[in-house]
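These are the residues of each chain, in order.
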Amino acid sequence: MALTPSKLFVDSTVSLTKAAAGCDLQVESVGGPDCSQLRDLGFCEQMRVRKIANGRNLICTVCGSRLAISSHLADHIQVKQLS
Amino acid sequence: MSEALVQEQAAPRLALVGHPNVGKSTLFNALTGSRAKVGNYGGVTVGVKTGELFTPHGQKLELADLPGCLSLVSRADDEAVTRDVLLGINGAPAPDLVVCVVDASALERHLPLVLQVIELRLPAVLVLNKIDLAESQGVSVDATLLSEEVGLPVIPIRADEGVGVLDLKQALRFPFPRSAPKSWHAAKKSEQAIGELSERFNALGLVNPDRQAWLALADEGFRKNLSSEAQAEVHGVVEESDGGLTPGEDLESARRERVREIVNIAVNEHAGEQSALTDKIDAELLHPVRGLLYLALIFFLLFWSIFKWAEAPMTFVEDVFGAAGDFARSALPEGLFTDLIVEGIIGGVGGVVVFLPQILLLFLFLGILESTGYMARAAFLMDGVMSRVGLSGRSFLPLLSGYACAIPGVMATRSVPSAKERLLTILILPWMSCSARLPVYLLLIPLMVAGVFQQALVMFGLYALGTVTAFVVARLLKGTVGLAKDHQPSFLMELPPYRAPDWRYIARHLLERATAFLVKAGTVILAISVILWALATFPKAPSGEESDQFEYSAMGRMGQAIEPVVAPLGWDARLGTAMLASFSAREVFNSQVAISYAVDEEDDDAVREEFRRSYELPTVLSLLVFYVFALQCFPTTVVVARESKSWKVAIGQLAGMSIFAYVAALATFHLSALFL
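Residues numbered from 1 in each chain as written. Chains lettered and ligands numbered in written order. Predicted model: local features only at pLDDT ≥ 70, side-chain atom pairs only at ≥ 80, totals over all residues. Heavy atoms only, no water.

Enquirer: Hey, could you run me through the interface of chain A and chain B in this one?
Expert: Many structure descriptions define interface size as the accessible area lost when the parts assemble. Each partner contributes to the interface: chain A provides 27 residues, whereas chain B provides 30 residues. Around 2600 Å² of area is buried between chain A and chain B when both sides are counted, 50% of it from carbon and sulfur atoms. Where chain A touches chain B, the interface holds six salt bridges. Where chain A meets chain B, there are 13 residue pairs in polar contact (both at pLDDT 80 or more). Of all the secondary structure elements, the ones that give two or more residues to the side of chain A that touches chain B are α2 (35–41), β4 (57–62), β5 (65–70) and α3 (71–74) of chain A. Taken together, the residues of the side of chain A that touches chain B break down into 12 nonpolar, nine polar and six charged. Strand direction decides the pairing type here: β5 of chain A and strand β9 (residues 492–495) of chain B, joined by four bridges, are antiparallel. Paired with leucine 67 of chain A across the two strands is glutamate 494 of chain B, which belongs to β9 of chain B. (Contact = heavy atoms within 4.5 Å. Buried area = accessible area lost by both parts, 1.4 Å probe. Salt bridge = Lys/Arg side-chain N within 4 Å of Asp/Glu carboxyl O. Polar contact = N/O pair within 3.5 Å; in protein donor to acceptor, adjacent residues only side chain to side chain. Helix = DSSP H or I, 4+ residues; strand = E, 2+ residues; numbered from the N terminus. Nonpolar A, V, L, I, M, F, W, Y, C, P; charged D, E, K, R; others polar. Pairing = 2+ DSSP bridges.)

Below, the structure written as structure tokens:
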């Protein structure tokens, strides 16, 4: 069976900045100098995240809380699409 | 009385610990009956507040409300306050029991902090707040299972409704439980590193060496606070750990693994309402273009309402003071004492108190914005603008507080994580027009334009002038405070769900503000008014003519001395002395002009009439611009010195803003004189 682009996306990880808005995602890895702060805020490995809006600052829900995060920080969060 | 007995009688200390905006201050108020400030956004509490409570068994307890923190590894000064209290260092005694407050709807985010408290071996209880919100989101937490897994008593509550508060008081029985056993472990070498460092710290005589050792390994920033000997010990222990994860990273990893296990066991998620309403409102209010328009509209409505709705209560206050003046004039014999009562006290204080309705309207609107959750959205919207001047949207919240008063605004900068961004925010903050400037604006604006809409527009313009100038100056000072040219501020903030305003809290807050304003009017402004009256009355002019009195008085002579300095601004001796007097409190400007004109009525229209007779529009504009920019508040300078830990910064700010205000007023006067 040929792999469709969407199938490829589901299997691979992208940065949170590049993930599409409205998707349910799972955090795969967190890096960068602010990784501890991101984890403390809830962006830690295996956590489910829903991306609500794109922009200069992204809006995501993590554990039912709505968080705003600069896109340059979101670049350090690798996510996998769940839906 | 022996020392042992005194210690025995001291109330056990409790501390509320949790993430920002989890409801600690609401719980603090519910437990102690206090009136600590609360708001629907993170970072409202930046210092330690204490209160007392009694358990149902009559045990007196001392409760501290600590600033919110995501972790004990602090990134901002307010988080460091919480860290120091829990460690029992820097003069803060460690609490006997920690009350960990978590949001039941976001347990996985909040539990790591609770496990950190357990790692510090502090006795604790776990308060599961916002259980109603969790249920509405389809999250149910089994408190019994959670208690078994965490090893702490768990009390579900709804702090805002007071539900479960009695259960919590029951759980605070004395003697307190011992610290919970730690049911997770990092790699052996990390555990050994903590033990080793703890022993070395103990040998150095550090207080609570085990807790300090734990934090020194987890937080590189904390190490810098230690003595050079202690730092050398930390360095030695870290060097000994042979590669791989640092002890801090290792502990964090083990903690998060345990949190996942606990959540899997104790939390059940099922289909619930997602916050569709908040999403819909946010889609509109946080729109990059429309969102900023809504923000501007909200503030314009605020200023419009200040002019529109305050008219009737202001007339009432004017009538009360007018009647009091008439009564005093008719009941007392003619003479100096009557003049003091009518012109000095009733005229001086009345000239300020008349603006109470408008000040309360300002606080009513700010209270609604704080209570509904809009403040965090305002910070989000302003982040794009503020990043251009080197600040993040996070700094906008203290700046917004500055619209009420610069002092709590400067203190609120503790929640700004970057020290350089914090300093920059402090430097520009007094340009946010505080409520003390409001009476001056309200006196002068009707001299420029008639009509509520136009007056509101001018008021909006004055606030915008201060704010925009603050941003421009921040851009210019960016390098001076050490921020790199390509500095990219980080923005991380929780956007709380929208809530209906908490009218009970807002009403209480308004009552407090009204009381504080009236106390200030009845003490500071009263005293200054009496002094100003005396300076305007003595020595008496030999001619006995009222028109000669001001020039002959001490105030008139002071005014003549300062006149050469203020004359280029279009001001005369009266305005010069009013400006000087308002360094004690800006509102005194109104009292001073009322006294110096010896206006009989407390009616501000009478003062305006005198203004119209004496000055042209460029002078009014020059005065307004001066009051927008001048830092005429010594208490603010003291707080800036304390928060920036530098008198050089505070004095430099006072001098810089005074010179800026003078030059801006000078330019305004001469440019407007050319065109008007």
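Enquirer: Explanation requested: the side chain of serine 415 of chain B in the structure shown.
Expert: Residues and elements named next belong to chain B. Mapped onto the elements of the fold, serine 415 is located in the loop between α20 (406–412) and α21 (419–428). The buried category is assigned to serine 415, whose relative accessible area is 9%. At a separation of 2.9 Å, a polar atom in the side chain of serine 415 contacts the main-chain carbonyl oxygen of alanine 412. (Buried < 20%, exposed > 50% of the residue type's maximum accessible area, 1.4 Å probe, protein only.)

Enquirer: Looking at this model, I keep getting lost on helix α26 (residues 554–566) of chain B. Mind explaining?
Expert: Residue and element names in this part refer to chain B. In this model, α26 (13 residues) spans 18 Å end to end at C-alpha, consistent with the 18 Å of a helix rising 1.5 Å per residue. Listing the buried residues of α26 in full gives Met555, Gly556, Gly559, Ile562 and Val566. Elements in contact with the buried residues of α26: α24 (503–537), α25 (546–552), α27 (573–581) and α28 (588–596). (Expected span 1.5 Å × (residues − 1).)

Enquirer: Looking at this structure, how should I read helix α16 (residues 336–353) of chain B?
Expert: Every α-helix winds through 3.6 residues per turn, so residues three or four apart in the chain are directed the same way. Here α16 of chain B contains 18 residues, and its C-alpha end-to-end distance of 24 Å stays within 8% of the 26 Å for a straight helix at 1.5 Å per residue. For α16 of chain B, the principal kink sits at glycine 347 of chain B and spans about 30°. (Bend = angle between axes of the 7 residues up to and from the residue.)

Enquirer: How should the domain arrangement of chain B be read in this particular structure?
Expert: All names here are of chain B. When the domains of chain B are assigned, the result is domain 1 (3–171) and domain 2 (188–269). Domain 1 and domain 2 are separated by 23 Å when their C-alpha centres are compared. Of the roughly 2300 Å² buried between domain 1 and domain 2, counting both surfaces, carbon and sulfur atoms make up 63%. By the criterion of area lost to domain 2, the three top residues of domain 1 are Leu87, Glu119 and Glu149, representing 23% of everything that side buries. Our count for the contact surface shared by domain 1 and domain 2 stands at two salt bridges. The partner of glutamate 119 in a salt bridge is arginine 255, with the nearest N and O atoms 2.9 Å apart. At the boundary of domain 1 and domain 2, one finds seven residue pairs in polar contact (both at pLDDT 80 or more). Elements represented by at least two residues in the side of domain 1 that touches domain 2 include exactly α3 (77–87), α4 (107–119), β6 (139–141) and α6 (143–150). Broken down by element, the side of domain 1 that touches domain 2 gets its largest block of residues, seven residues, from α4. (Domains from an automatic or database assignment.)

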